[in-house]
Amino acid sequence: MKSLIKISVIAMVLLTIVSCKKDTRPNYQFMPNMYESAGYETYGENDMFANGMEARMPVEGSIPRGYVPFDIENSTEGYNLAKTTLVNPLDSTQVDLAKGKALYDVYCGICHGNKGNGQGNLVKREKILGIPSYDDAGRAITAGSIYHTIYYGKNAMGSYANQLKQEERWQVVSYVLKLKSDLEK
């Protein structure tokens, strides 16, 4: 009789343990706040922060990942400084003229033309006027002036800093200088 009671108690304990088991979620959570965190709306209000907003500003002086600051200002003085001092950091093994041509065709060729002579499709259709050729003696473009113009834009041309990464800009600069030398022959 005592063994029957022991067996039934053991069976009840095992049945209780097995009945609490769920395969769809963990049985025990040692740190429940890690599994079930409180959700906050990004632009919602919250008393936790001083200004009462959830969204936080980046830390002063932080730089986004992959971004390299350009220290030359967007002015005529900055353009002249870039023209005289800025050089292509890519060496001859890193310059890929095929990649530069592909990028040039996408972003520049529509206005400047495939040969760099200022006769792109938009110029031919008279949508944009006054695009100079790369071999104009009065312009005397250099790698620095081209990079500055791509980064900030100039006159009616807008900036392409958001469309091209730093290395891609230098690839385009190399290709433009190649077009310039081809035109000057």
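Note that the structure is a prediction, hence the values are computed from the model and not measured. (Residues numbered from 1 in each chain as written. Predicted model: local features only at pLDDT ≥ 70, side-chain atom pairs only at ≥ 80, totals over all residues. Heavy atoms only, no water.)

On to the overall build of the protein. When you go through the protein residue by residue, the secondary structure sums to eight helices and zero strands. On C-alpha atoms alone, the protein measures out to a radius of gyration of 32 Å, which is more than a quarter above the 16 Å that the 2.2 N^0.38 rule sets for 185 residues. Principal axes of the C-alpha set define a box for the protein whose edges measure 110 × 40 × 35 Å. Residue burial in the protein is summarised as follows: out of 185 residues, 26% are buried. If you take every contact in the protein between residues at least 6 apart in sequence, the share linking residues at least 24 apart comes to 51%. Summing over all exposed atoms, the protein offers an accessible surface of approximately 13,900 Å²; the carbon and sulfur share of this is 57%. (Helix = DSSP H or I, 4+ residues; strand = E, 2+ residues; numbered from the N terminus. Rg over C-alpha atoms; globule rule 2.2 N^0.38 Å. Buried < 20%, exposed > 50% of the residue type's maximum accessible area, 1.4 Å probe, protein only. Contact = heavy atoms within 4.5 Å. Areas by Shrake-Rupley, 256 points an atom, 1.4 Å probe, with all protein chains shown as cover.)

All right, on to the layout of surface pockets then. For the largest pocket, the calculated volume is near 650 Å³. The wall of the largest pocket is formed by 27 residues, among which His-112, Arg-139, Thr-149, Lys-154 and Met-157 lie closest to the centre. Mapped by element, the contributors of at least two residues to the lining of the largest pocket are helix H3 (76–85), helix H5 (109–112), helix H7 (143–152) and helix H8 (166–184). Of the residues forming the lining of the largest pocket, the biggest block, four residues, is contributed by H7. (1 Å grid on protein atoms, 1.4 Å probe; cavity = no way out; pocket = protein on both sides within 12 Å on 5 of 7 lines; lining within 4 Å. Points joined across faces, edges and corners; volume = space filled by probe spheres on them.)

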